[in-house]
Amino acid sequence: MFSGAGARVFRTRAAIKLGAAGERSVRPTRGVHTLTAQELRMARMVASGETSREIGAALFVSPRTVDAHVRSILRKLDVLSRRQLRHVEGLRPAERSEV
């Protein structure tokens, strides 16, 4: 609940308090919610068709680092190819409505 709202501090505090009470927090093992912020940013760039070299230049990392992140992203999302990332829910940019 807290992580979806972007409140990491509150999520961490809640997990600590739950742990003290004997409860365990459950982390998703698959899906977009398992990605780190950097992985999510890269996954969206890959889904939009950018190459490892383009992503690396934009994020100031090497193309090999991008490839390592992409392998992790594909594993976490249970996807076999970069092309399939286009169809993963949660990676597509939100539709913007004109005001």
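Just so it is clear, the structure is predicted and the values come from calculations on it, not from any experiment.

### What to know about the pattern of salt bridges
Counted by the stated rule, this structure contains two salt bridges. Between Glu39 and Lys76 there is a salt bridge; the shortest N-O distance is 2.8 Å. On the criterion of sequence distance, the pair formed by Glu39 in helix H2 (residues 37-47) and Lys76 in helix H4 (residues 63-77) is long-range, its members being 37 residues apart. Each of the two residues, Glu39 as well as Lys76, counts as buried. In this structure, Arg82 and Asp67 form a salt bridge, with 3.8 Å as the shortest nitrogen-oxygen distance. With Arg82 in the segment after H4 and Asp67 in helix H4, the pair connects residues that are 15 residues apart, well separated along the chain. Using a relative accessible area of 27% as the deciding quantity, one classes Arg82 as partly exposed.

### Regarding H2
Looking at H2, one finds that the buried residues are Glu39, Met42, Ala43, Met45, Val46 and Ala47. Where H2 is buried, its residues touch helix H3 (52-59) and H4. Among the residues trailing H2, Gly49 stands out with phi positive, at a value near 100°.

### Looking at H3
Within H3, burial applies to Ser52, Ile55, Gly56 and Leu59. Seen from one end, H3 has its buried residues packed into an arc of 100°, which puts them on one side. In H3, those exposed residues whose orientation departs by more than 90 degrees from the buried face are Arg53 and Ala57. Those residues of H3 that are buried lie in contact with H2 and H4. Backbone geometry just downstream of H3 places Phe60 in the positive-phi region, at approximately 60°.

### Some details on unusual backbone geometry
Excluding glycine, residues mostly carry a negative phi; peptide bonds, for their part, are mostly trans. Of note in the backbone geometry, Phe60 takes a positive phi value of approximately 60° without being a glycine. Considering the arrangement of structural elements, one finds Phe60 in the loop between H3 and H4. One non-glycine residue, Asp78, adopts positive backbone phi at about 55°. Looking at where Asp78 falls in the secondary structure, it is placed in the segment after H4. By relative accessible area, Asp78 is classed as exposed at 60%.

### Focus: the environment of Val61
Here Val61 shows up in the loop between H3 and H4. Judged by relative accessible area, which is 24%, Val61 ranks as partly exposed. If we skip the residues at most four places from it in the chain, Val61 touches Gln38, Met42, Gly56 and Val66.

### Considering the packing of H3 against H4
Where H3 meets H4, the closest approach of the two axes is 8 Å, and the angle between their N-to-C directions is 105°. Relative to H4, the element H3 is oriented roughly perpendicular. The segment H3 lies against H4, with Ser52, Arg53, Ile55 and Gly56 engaging Pro63, Val66 and Asp67. Classifying every residue of the contact of H3 with H4 gives three nonpolar, two polar and two charged.

Conventions used here
Residues numbered from 1 in each chain as written. Predicted model: local features only at pLDDT ≥ 70, side-chain atom pairs only at ≥ 80, totals over all residues. Heavy atoms only, no water. Salt bridge = Lys/Arg side-chain N within 4 Å of Asp/Glu carboxyl O. Helix = DSSP H or I, 4+ residues; strand = E, 2+ residues; numbered from the N terminus. Buried < 20%, exposed > 50% of the residue type's maximum accessible area, 1.4 Å probe, protein only. Contact = heavy atoms within 4.5 Å. Arc of directions from axis to C-beta. Axes fitted to C-alpha atoms, helices over the stretch in contact; angles between N-to-C directions. Parallel < 35°, antiparallel > 145°, perpendicular 65-115°, else oblique. Nonpolar A, V, L, I, M, F, W, Y, C, P; charged D, E, K, R; others polar.

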